[in-house]
Amino acid sequence: MTTTGTCQLCGKDAVLEESHIVPKFVIRHQKKTSATGYMRSNKAVNLRAQDGHKEHMLCGACEDLFNEWETPFSNHIYYPWASDQKHQSLCELSYGAWMLKFAVSVSWRALTWYMKKASDEQVSFSKEMVAEIDKALSTWKRFLLGELPHPDKYQQHMILLDAIERTTYDSDVLPSNLNRFLTRGIYINLAHSDGKPQFIYTKMGKVSLLGFIGIKYPRQWVGTKLHVKEGVVGGDISLPSQFMDYLIELAKTVPELQKKLSERQIDVIKRTIDGNQDRASTSETYRMMAADIDMFGESRVFSK
Ligand SMILES: [Zn+2]
């Protein structure tokens, strides 16, 4: 069955392909590294993306264009970072001109999808907010089509995450799924405050992407901005503390894996914590659950 309509990027009437809101290789990798081999499909509470969500958005030519940017991103950034379990050995990863295009393509897809879903669910935003979001979307679209040299104030920022090594937060105030949340799963969320949009957040496993919409002080974000021609991600960065608070709040909205574990699963987790389990044979889910237990204790992680 084919669906025809107007391509949301180039505006031509054409046969539309099913586009993944979050690139397919991200979904595939998350499945491959999870404990069960498949992903849980979350209910769309808080307008979260369902895993592997697809929309008829783009014509074949625009879909091909997106693929050209996705391939180098997956090879040079996503896989090297996602598969590095020691994470000290990889400090910085370099990128070329494909990076900003890729990032804008994800933020544009995510925000377009988010606004459609919000309207379907009759979530209303202020006129001011919608106007600002429309400006961001049209700027991103023009950048993707090559009509603008850069996305102007609608910057893209990328953060590579892993399990937390130490924190100045009191662990009592942190959700006990924090390490799993930071490194696992796919989420899309529109951050806003006081009726003003801040950024569209797309979390692709251990890679976090922010498309700025109304960030007042972008200079507070040090070392995360993606540049037009080339640059590096990872290494030393500095983020406003409100962003960590945002992630903590978001983690609390995820009803995380509170199902009963089998004896065998508990055994794997315990051996992972003790360091007796060969890391290569341990799924990322187990590794991150072990990190949560290490940080918050078994009773909190397994409590209902
Ligand atoms: Zn098109």
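Residues numbered from 1 in each chain as written. Predicted model: local features only at pLDDT ≥ 70, side-chain atom pairs only at ≥ 80, totals over all residues. Heavy atoms only, no water.

**Overview of the coordination of the zinc ion**
Under perfect tetrahedral coordination by four donors, a metal shows angles of 109.5 degrees; under perfect octahedral coordination by six donors, it shows angles of 90 or 180 degrees. To be explicit about the condition: Each metal's donors are the N, O and S atoms found within 2.8 Å of it, except that Na, K and Ca use a 3.2 Å limit; water is left out, so coordination can look incomplete. Here a helix means four or more residues in a row that DSSP labels H or I, a strand means two or more in a row labelled E, and each is numbered from the N terminus. When accessible area is computed with a 1.4 Å probe and restricted to protein chains, residues below 20% of their type maximum are described as buried, those above 50% as exposed, and intermediate ones as partly exposed.
Binding of the zinc ion to the protein goes through Cys7 (SG), Cys10 (SG), Cys59 (SG) and Cys62 (SG), at separations of 2.3 Å. Positions of the donor residues of the zinc ion, expressed as sequence spacing, correspond to C-x2-C-x48-C-x2-C. In this pair, cysteine 10 is assigned in the loop between β1 (3-6) and β2 (13-20) and cysteine 62 in helix α2 (residues 60-83), connecting sequence segments 52 residues apart. By relative accessible area, cysteine 62 is classed as buried at 5%.

**Notes on the side chain of lysine 203**
The line we're drawing: Polar contact is defined as a pair of N or O atoms within 3.5 Å, subject to the rule that within protein one atom must be able to donate a hydrogen and the other to accept it, and that residues adjacent in sequence are counted only when both atoms are side-chain atoms.
Looking at the element boundaries, lysine 203 is found in strand β7 (residues 196-204). In this structure the side chain of lysine 203 is engaged in a polar contact, spanning 3.0 Å, whose partner is the backbone oxygen of glycine 205.

**Notes on unusual backbone geometry**
Positive phi, normally seen in glycine, also occurs at glutamine 122, with a value near 55°. Within the element layout of this structure, glutamine 122 appears in the loop between α3 (98-120) and α4 (127-144). Judged by relative accessible area, glutamine 122 falls into the exposed class, the value being 72%. Phi angles above zero are rare outside glycine, and aspartate 194 is one such case at about 50°. The exposure class of aspartate 194 is exposed, given its relative accessible area of 75%.

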